[in-house]
Amino acid sequence: MTSSSTTAVPGRAPPMARLRDALARLHGAERADTLARELAAVADGVRARRRPGRVVGSERAAVIAVYPDHVLDGGLAPLAALRRFLDEEVGGVGPALLHVLPPYVSDGDDGFAVVDHQAVHPRFGAWDDLTRLSESSGGLMLDLVMNHVSTAHPGFQGVLRGEGNREDFHLFSEPRALEWGTRVRTSSLLQRFDTAGGPVWAWCTYGRSQVDLNYTSPDVFAFIARTLLRLVEAGARVVRLDAIPHVWKRVPGGPHEPEAKVLVRALRAVADLVDPSVGLLAETDHRSGERCYLGADLAQHDNHLAVPLLVFAAALVGEGGPLVDWVNASASDAHRCDGYGFLQTHDGVHLRPMDPPLDARTLRRVLERLERSNVWVSHADVRGEPQPYELNSSLHRIFSTEAGLDVERYLAAHALLFALPATPSLYFPTLFGLPDAVGVEPSNPRAANRYRYPYAALRALIRQPVHARILKSLLGLIRLRDGLPALREDGGCEARMAASHVFHLTRGHAHQPLHVLVNLGVEPATVRSPLREWRDLLGGRQGRGDVVLAPAEAVWLVEPGSGDLT
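Residues numbered from 1 in each chain as written. Predicted model: local features only at pLDDT ≥ 70, side-chain atom pairs only at ≥ 80, totals over all residues. Heavy atoms only, no water.

(A) A look at the sheet that holds strand β17 (residues 377-382). Taken in spatial order, the three strands line up as β16-β18-β17 in an open sheet, and their pairing is antiparallel. The sheet is open, and its two edges are formed by β16 (349-350) and β17, each paired on a single side. One ladder, built from six bridges, connects β17 with strand β18 (residues 385-391); its direction is antiparallel. Bridge pairing in β18 links Ala-380 to Gln-387. (Pairing = 2+ DSSP bridges. Helix = DSSP H or I, 4+ residues; strand = E, 2+ residues; numbered from the N terminus.)

Below is the structure:
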């Protein structure tokens, strides 16, 4: 038995026991024992080679998602250019994690069509560049792209030649009609490929260029588990389990098959063989019950997909009631602070057509407001009807009017985001309030928010007063959130409308509660302070009694002299 089998956390079964149990459910006891021992040997090697990472702040402080080539400098590898930019132009991002979107060898889908999971694409740099990049932040989050591989992947190419393991993929000998939840892709779920032995139809959830893996094959799990260990070795503090609801297929069936959660349990045990502090993020909406992937022996984080629409309803059309309801409903959720909240992602803003967080009237008001700003709305087929599925414009455009970017509402929305019971996640261009790319083809609307910036051009942009102000404010929010016990610890939360257009959020802490007030309206507002004396952590002013708020102004109030923020 390898030494990894003894790595345990008090109150939990040892990881080897948990790994064997999960694998036995999927592949039978005999195969599970062999596979677990093989992975434990790999984990021992990772532990021996792994360098201690630099831990700065909490992994709940904030996350910044960035493409490995978001910053381009002809004289440097893009990962090195990104590190230089963050160090020299931004001054570091403090305790925020850097979510480096897939840097692996890939031939499409902006990195998610992976050809080689074990190698950083040479055009981005090398594994050492990722390790050094973590020194400009609170650490790294990396993607485990586990649902699919590129059709150029050696394993699938071997199948096409008649040499590979067909059981590693979902292949059918003839076409058939399949239904599998709501997909943004309009391509057929099954795609025809010609092999040496004749045509096959392969399951391709994300389009013809990416073929889905078959987790009923033990070899597929072994391959993905080794990839997870490689990411842990590279220093990832959090690993994002991409497309986790889709990984286990059953016909008939749909996303969130029970075995998907068993796979998460197995991967949690694999990570624990090396470092139990490494977090797993299940890339799915925050749920309770059977669709919840969170727990000590499961994932530690998921996504609050309702947050962007709730904040847009509040900040853009003054409808704070749905956000009040959402915050107060979270009070009974044991995992409420384990989700990630965001206003923008690399994909855009998911509108949750199957389970919208807003009533029809409020959603219509938000969409009408966005249409006036020429925000690109993508649609998906939901029960045979086209429904708004995703916003594919920059946050700059979302918060713009005919007069230009509404900086005050942009910042107020982020002040709300950072105070919510969720880890705030930013997308690199939103850190500066950067606009859409130009000349985007209608066939690829997500490209509007995926522009890669030449180093000098980006440096000039962020020195402009508007972008410099946004950067300073958001970096300040990152550091404040990490330092405030009321936000860093799960001390409870409560929301209400303090006036018709003033949102009031209280985050509890025994010695220093935080009161967040945001004027959602277009006129100044005066509200009674929840504190006899107060100090605003965002603007620096102090006062007694009433608080006067300008339109779209946000304040974070604490009692003066109530103690060190940390």
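The rest of the description comes next.
(B) Expanded view of the packing of aromatic side chains. Counted by the stated rule, this structure contains 11 aromatic pairs. Summarising the aromatic geometry, the rings of Tyr-104 and Trp-127 are spaced 6.3 Å apart at their centres and angled 40° between planes, so their arrangement reads as tilted. Remark: Trp-127 occurs in helix α4 (residues 127-133) and Tyr-104 occurs in strand β4 (residues 104-106); sequence separation between them is 23 residues. Both residues of the pair, Tyr-104 and Trp-127, belong to the buried class. On the numbers, 4.9 Å between centres and 85° between planes, the contact of Tyr-451 with Tyr-453 is edge-to-face. Three or more aromatic residues joined by ring pairs make a cluster, and in this case those are Phe-85, Phe-428, Phe-432 and Tyr-455. Sitting over the ring of Trp-127, Arg-230 keeps its end group 4.1 Å from the ring centre. Of note, Lys-249 hangs over the ring of Trp-203, and the distance from its end group to the ring centre comes to 5.6 Å. (Phe/Tyr/Trp six-rings, centres within 6.5 Å; stacked < 30°, edge-to-face > 60°. Buried < 20%, exposed > 50% of the residue type's maximum accessible area, 1.4 Å probe, protein only. Lys NZ or Arg CZ within 6 Å of the ring centre and 35° of its normal.)

(C) Up close: the environment of Glu-390. Inspection of the secondary structure assignment puts Glu-390 in strand β18. Spatially, the C-alpha atoms of Glu-390 and Gln-157 are 33 Å apart, while their sequence positions differ by 233 residues. When sequence neighbours within four positions are dropped, the list of residues in contact with Glu-390 reads Asp-347, Val-349, His-350, Leu-351, Trp-376, Val-377, Ser-378 and Arg-446. At a separation of 3.0 Å, a polar atom in the side chain of Glu-390 contacts the side chain of Asn-392. (Contact = heavy atoms within 4.5 Å. Polar contact = N/O pair within 3.5 Å; in protein donor to acceptor, adjacent residues only side chain to side chain.)

(D) Representation of the pattern of salt bridges. For the structure on display, the rule yields 42 salt bridges. Here Glu-89 and Arg-459 are joined by a salt bridge, their closest N and O atoms 3.9 Å apart. You can see Glu-89 sitting in helix α3 (residues 78-90) and its partner Arg-459 sitting in helix α13 (residues 455-462), a full 370 residues away along the chain. Glu-89 sits in the buried class, given a relative accessible area of 18%. (Salt bridge = Lys/Arg side-chain N within 4 Å of Asp/Glu carboxyl O.)

(E) Just the packing of α3 against α13, in detail. Contact geometry of α3 with α13 gives a least axis separation of 12 Å together with a crossing angle of 25°. Considered as vectors, α3 and α13 are oriented roughly parallel to each other. For the element pair α3 and α13, the recorded crossing hand is right-handed. Residue-level inspection shows Ala-81, Arg-84, Phe-85, Glu-88 and Glu-89 of α3 in contact with α13, the latter providing Tyr-455, Leu-458, Arg-459 and Ile-462. Taken together, the residues of the contact of α3 with α13 break down into five nonpolar, no polar and four charged. (Axes fitted to C-alpha atoms, helices over the stretch in contact; angles between N-to-C directions. Parallel < 35°, antiparallel > 145°, perpendicular 65-115°, else oblique. Left-handed = near helix turned anticlockwise from the far one by under 90°. Nonpolar A, V, L, I, M, F, W, Y, C, P; charged D, E, K, R; others polar.)

(F) Region of the structure containing the environment of Asp-143. Its location among the elements puts Asp-143 in strand β6 (residues 140-145). A relative accessible area of 1% means that Asp-143 is categorised as buried. Apart from the residues lying within four places of it in its own chain, the contact partners of Asp-143 are His-99, Val-100, Leu-101, Pro-102, Tyr-104, Phe-112, Leu-231 and Arg-240. Polar side-chain contacts of Asp-143 include one of 2.7 Å to the side chain of His-99.

(G) A look at the environment of Asp-69. With respect to the secondary-structure elements, Asp-69 resides in the loop between β1 (63-66) and β2 (71-72). With 152 residues separating them in the primary sequence, Asp-69 and Phe-221 have C-alpha atoms 29 Å apart. Here Asp-69 is in contact with Pro-78, Arg-123, Phe-124 and Arg-452, once residues within four sequence places are set aside. Of the polar contacts made by the side chain of Asp-69, one reaches the side chain of Arg-452; its length is 2.9 Å.

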